[in-house]
Structures are given as structure tokens and as C-alpha cells.
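# Tertiary structure, described
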Amino acid sequence: MTHREKVTFSGQDGTLTGNLFLPGGAAPAPGVVVAGTWTSVKELMADRYAERLAERGYAALSFDFTGFGESEGQPRDVESPTRKVRDIHDALTFLEGHPAVDGGRLGALGICAAAMYMSANAADDPRVKSLALVAPWLHDAAICESAYGGAEAVAQKIKAGEEARAAFEATGEVDYVPVVSTTDPRAAMPYDIDFYLNPERGGIPAWPNRFAVMAWRDWLTYDSIVLAPRITQPTLIVHSEDAAIPEGARRFHGGLAGAKSILWTQGTQFDFYDQEPQVTLAADTTASHFAATLR
């Protein structure tokens, strides 16, 4: 039987709150830090994967990033790659020192956008012995142009973000738009996405469905593909041609400097968040990867 503990730990911008899922047994277990999509809180998909890993013998930590969910930090709900990478580093420090965790065997699992942030931390953090990326969103400037409607559309979003940042610095007010909406064209994802809008799935009270417009520049100018040659840890990718930007996964995989494997399977991006068989397949494959590499 697994056990879940609500935990808090220090981040650089305040106290972070997470759920630590522990496997049965007395011996310290290898630890894995888990995080999910952009704008997400731990309850959307990180908790699900962390619990699955605990069932497979790992001490798995899901947590809310600075300014999200139950964690401290201002301003709220701002997608900041730099800040999220710092938070992952702090989460690993917490795991490393926990008595139920073998601090010499630490891994990282990133789902969707957290694949970028986990990879960035792994490139500079030798404590991460193994990396797994599920349905990874891995972008650079070229991929962003393809995903967001071309160079002009990207430039417009960056301009809107800069204006919102200037307004925030002048007034302290944050300009928010929905993350997902079927009616608001300013939404970060102006589409009918069932996962985010369905209260039976991700449309839960803990997730406020808001995107800080001032985050566009940091998001759209972040280059994760360039990280790959700096990652020497054994790395697993689980993805689908029908999920988000498979080209990014292929290019990232091709550039990795260490041992690497990629599993191409079936399913949309959102299937990997909460649907079967995608979640079980991804959890099993990830657990096997960690079993082989966290020794």
C-alpha cells in the first residue's frame, strides 16, 4: 500500500507545497520529482503519475510551483520557466534529504511542458541520475512559430506580454486571460479542450484556468532543444505522433548526449494526462526506465 504525505519545503521565493507518495516497505526508496503541464497544479496530472510511481516502488514528489496552487509566491499563476527550473532544484533538495528517500538515487519525470523544465535542471544538476519525459512539449523558436501561427502571431503575443509586464511593473495588476476557452480569442489555448474544461477531468476548483499575459515572452522565447547536448543522464521519452509537437521530441532525442530511448505509442496529448491505456503504459515504461538507471 502506498502512503501520501502533504509536505512543505523551502523555495527561493517562499514555501512550496507538495504531495509525497511513498511505497510500502521500510528501506529508503529511490526518489523521483514529478511535474506536469504549463499552468497546472499538482492535482491535474502530477499527483496521478507520482502515485503510480509509488505503487511501483518509488518515493515520488508532486508539488505546486511558486505562485501556483497551494504554494506561496507572487504574482500568482505566472508561467516562468526560469522560476520553475529553480523550484525543481529545490524539490530535489527536499527529496534528497528526506529519510524515506535514497538521496543517491534521484530521478525526474516531466509531463508536457515540465519536460522542458526537468531537462533544464538535469543539464546542470548531477543529483538527477535519470530523466523521463512523457508526452513532452519541447520547443524552440521555430517550433513556436509552427505551433502558434507563424512569426507574426508569435511577435504579437510577445508584444502583448511586454505591454502586460510593463503594466504590472507600473501598477501591480496582472492581466489574466483564460488558459483554455471556447469563446475568448485571447485565451492561451482558444480551443475546446475537454481535459481542461471537463470537471470530471482537469476542470477542477484547484486549477483557476488563468494565464498571465506577461508570461508570453518567457514562454515563447524559451529554447529547450538546445539543452539536449548538455544532458548526459539516461533519458526516456514516451510520445505519440498524435500528441503535441512530435517534431520537438524527435529533435530533442536526436541531440541527447547520453543513453536514450524513445517509445512511440498511440494517443492524443491529453490522453497521457488521465486516460487509459496511455497513463498505465507511460507509468510502466517510466518505472522500468528508472529501475534500470537508478541503481
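Residues numbered from 1 in each chain as written. Predicted model: local features only at pLDDT ≥ 70, side-chain atom pairs only at ≥ 80, totals over all residues. Heavy atoms only, no water.

## With respect to the sheet that holds strand β5 (residues 101-111)
The strand order across the open sheet formed by eight strands is β1-β2-β4-β3-β5-β6-β9-β10, and the pairing between neighbours is mixed. Each having just a single partner strand, β1 (3-11) and β10 (260-265) make up the two edges of the open sheet. With direction set aside, neighbouring strand axes in the sheet form an average angle of 20°. Pairing of strand β9 (residues 235-240) with β10 involves six bridges; the strand directions are parallel. Along β10, the bridge assignment pairs serine 240 with threonine 265. The sheet strands contacting helix α10 (residues 278-293) are β3 (29-35), β5, β6 (128-134), β9 and β10, and the helix crosses β6 at an angle near 165°. (Pairing = 2+ DSSP bridges. Helix = DSSP H or I, 4+ residues; strand = E, 2+ residues; numbered from the N terminus. Axes fitted to C-alpha atoms, helices over the stretch in contact; angles between N-to-C directions. Contact = heavy atoms within 4.5 Å.)

## What to know about the layout of surface pockets
As a volume, the largest pocket reaches approximately 320 Å³. When grouped by side-chain class, the residues that make up the lining of the largest pocket number 15 nonpolar, one polar and no charged. Space inside the second largest pocket adds up to approximately 200 Å³. Forming the walls of the second largest pocket are 15 residues, and the residues nearest its centre are Lys157, Pro185, Arg186, Ala187 and Trp216. (1 Å grid on protein atoms, 1.4 Å probe; cavity = no way out; pocket = protein on both sides within 12 Å on 5 of 7 lines; lining within 4 Å. Points joined across faces, edges and corners; volume = space filled by probe spheres on them. Nonpolar A, V, L, I, M, F, W, Y, C, P; charged D, E, K, R; others polar.)

## As for helix α1 (residues 46-55)
Most of α1 sits inside the fold, with seven of its 10 residues counted as buried. By the burial criterion, the buried members of α1 are Ala46, Asp47, Tyr49, Ala50, Arg52, Leu53 and Ala54. Backbone geometry just after α1 places glycine 57 at a positive phi near 105°. (Buried < 20%, exposed > 50% of the residue type's maximum accessible area, 1.4 Å probe, protein only.)

## Regarding the nonpolar core
One finds Val34, Trp219 and Phe252 to be the most contacted residues of the largest nonpolar core, which totals 103 residues. If one sorts the elements of this core by residue count, helix α3 (residues 114-124) sits on top with eight residues. Apart from residues lying up to four places away in sequence, phenylalanine 252 is in contact with Ser119, Leu133, Leu138, Ser224, Ile225, Leu227, Ala228, Ile231 and Ile237. (Core = buried A, V, L, I, M, F, W, Y, C linked by side-chain atoms within 4.5 Å.)

## Quick notes on the packing of aromatic side chains
Inspection of every chain in the model, using the stated rule, returns 17 aromatic pairs. Considering the side-chain rings of phenylalanine 195 and tyrosine 196, the 5.0 Å spacing of their centres and the 80° angle between planes classify their relative orientation as edge-to-face. Consider the rings of phenylalanine 270 and tyrosine 273, whose centres lie 5.7 Å apart with planes at 85°: the pair is edge-to-face. By way of ring pairs, the aromatic residues Trp38, Trp137, Tyr148, Phe211, Trp216 and Trp219 are connected into one cluster. For lysine 84, the ring lying beneath its charged end belongs to phenylalanine 68, and the centroid distance is 4.6 Å. Lying across the ring of tryptophan 216, lysine 157 places its NZ or CZ 5.4 Å from the centre. (Phe/Tyr/Trp six-rings, centres within 6.5 Å; stacked < 30°, edge-to-face > 60°. Lys NZ or Arg CZ within 6 Å of the ring centre and 35° of its normal.)

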